[in-house]
Each structure stands twice: as C-alpha cells, then as structure tokens.
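As a plain string of letters, each chain reads:
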Amino acid sequence: DESALEPLVIATVSRYPDDQMIAALALAAPRNPRVTEHVRGMLTTAYPEVNLVAARAMGMLGSDEGYGVAMEGMKSRDARQRQLAAMAFGAIGRMDAQDMLGKLLEDKDEDVRLAAAAALLQLR
C-alpha cells in the first residue's frame, strides 16, 4: 500500500531502535526494490540490532550487502544479535553461510539454534 510507505520511511529514522527494526522489515516485505537505497542506509547505524535487521531486509530485497553485518553479528556475545544474524543469513540466502550457520546450530541459546536451523532451510 503506497499510503504506508511514507510513515514507514519516517519510522526508520525514529529515535527508538525497535521502531526502526519493524519499519525496515515492513518496507522490505513487499520486496519492492524502490526501498533498497533506504534500507541500505540502515546497515550502519549505532544499534547492532538495527543493522542486523537491515541486513535481513536487504536479503529480502534480493541483495547480499548485509552479509558482512551478519558475519559480525554471529560473533556477538549477545544471543539476540546472534539470532538476528542467523535470520539475516537465511534471508540473504548465500550457500557460503552454511559454515557460519553450522556454528550457530551449536549455540548454547535455544533461540539461536532454532533461527540457524530455519535459516539453513532458506539457503538456495
């Protein structure tokens, strides 16, 4: 819906990271390449979680530009960031992510392991 585009773009620059993350995924969900440039700018924010969700959104838009962000996220001490990294790898869909996802399958956090398993099923 075109009427939702402007409010979503505005939400991506909200001072609240959760607003930014929800907006990035909502922008990418229709897979409209028109929003790629905007989502690309979200790969390098001050919030690692926003960057990881933007990496996932870029994957949803058919780009692997967030692959490096996901690689950094999988090394995080924060389980949420490792989970988001796994989800980004899945959306990006590159087969060379198998090794990283394999490591995440052995993570001590159950949610990370589940995200990694789901991501493996998404690889092309």
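Read on for an overview of the structure. Bear in mind that the values here come from a model prediction, so they are computed numbers and not experimental data.

When you line up the elements, Thr-36 lands in helix H3 (residues 36–40). For the pair Thr-36 and Pro-48, spaced 12 residues apart in sequence, the C-alpha to C-alpha distance is 19 Å. Setting aside residues no more than four positions away along its own chain, Thr-36 makes contact with Met-58 and Leu-61. There is a polar contact of 3.0 Å between the side chain of Thr-36 and the backbone oxygen of Pro-33.

For helix H6 (residues 79–92), built from 14 residues, the straight-helix expectation of 20 Å at 1.5 Å per residue is met to within 8% by its first-to-last C-alpha distance of 20 Å. Burial analysis of H6 places 10 of its 14 residues in the buried class, the great majority of the element. Listed as buried for H6 are Gln-81, Arg-82, Leu-84, Ala-85, Ala-86, Ala-88, Phe-89, Gly-90, Ala-91 and Ile-92. Sitting at the head of H6, Asp-78 places a side-chain oxygen 2.7 Å from the backbone nitrogen of Arg-80.

Across the chain, the bulk of peptide bonds are trans and the bulk of non-glycine residues have phi less than zero. With phi around 60°, Arg-31 is a residue other than glycine that occupies positive phi space. Structurally, Arg-31 is set in the loop between helix H2 (17–28) and H3.

At their nearest, the axes of helix H1 (residues 2–11) and H2 sit 8 Å apart, and the two run at 140° to each other. The way H1 lies across H2 gives a crossing that is left-handed. Counted together, Leu-5, Leu-8, Val-9 and Ala-11 of H1 and Asp-19, Gln-20, Ala-23, Ala-26 and Leu-27 of H2 form the full contact between these two elements. Class assignment for the residues of the contact of H1 with H2 results in 7 nonpolar, 1 polar and 1 charged.

Criteria and thresholds
- Note that residues are indexed from 1 along each chain, following the sequence as it is written.
- With the structure being a predicted model, the display of local features is reserved for residues of pLDDT at least 70 and the display and counting of side-chain atom pairs for 80 or more, all residues being used for whole-chain, interface and lining totals.
- The side-chain values count all of the structure's non-hydrogen atoms but skip hydrogen atoms and water molecules.
- The helix and strand labels rest on DSSP assignments: H or I over at least four residues marks a helix, E over at least two residues marks a strand, and numbering proceeds from the N terminus.
- What makes two residues a contact is simply this: any of their non-hydrogen atoms within 4.5 Å.
- Here a polar contact is taken to be a pair of N or O atoms separated by no more than 3.5 Å, where protein atoms must pair a possible hydrogen donor with a possible acceptor and residues adjacent in sequence count only if both atoms sit in side chains.
- One fewer than the residue count of a helix, multiplied by 1.5 Å, yields its expected span.
- Exposure is judged per residue with a 1.4 Å probe applied to protein chains only, and the accessible area is read against the type maximum: over 50% gives exposed, under 20% gives buried, and values in between give partly exposed.
- Here an angle of 0 to 180 degrees is reported between the N-to-C directions of two axes, which are lines fitted to C-alpha atoms, with helices fitted over the stretch in contact.
- The crossing is said to be left-handed when, going from far helix to near helix, the turn is anticlockwise and less than a right angle, and right-handed when the turn is clockwise.
- Here the term charged refers only to Asp, Glu, Lys and Arg, the term nonpolar to Ala, Val, Leu, Ile, Met, Phe, Trp, Tyr, Cys and Pro, and the term polar to all other amino acids, Gly among them.

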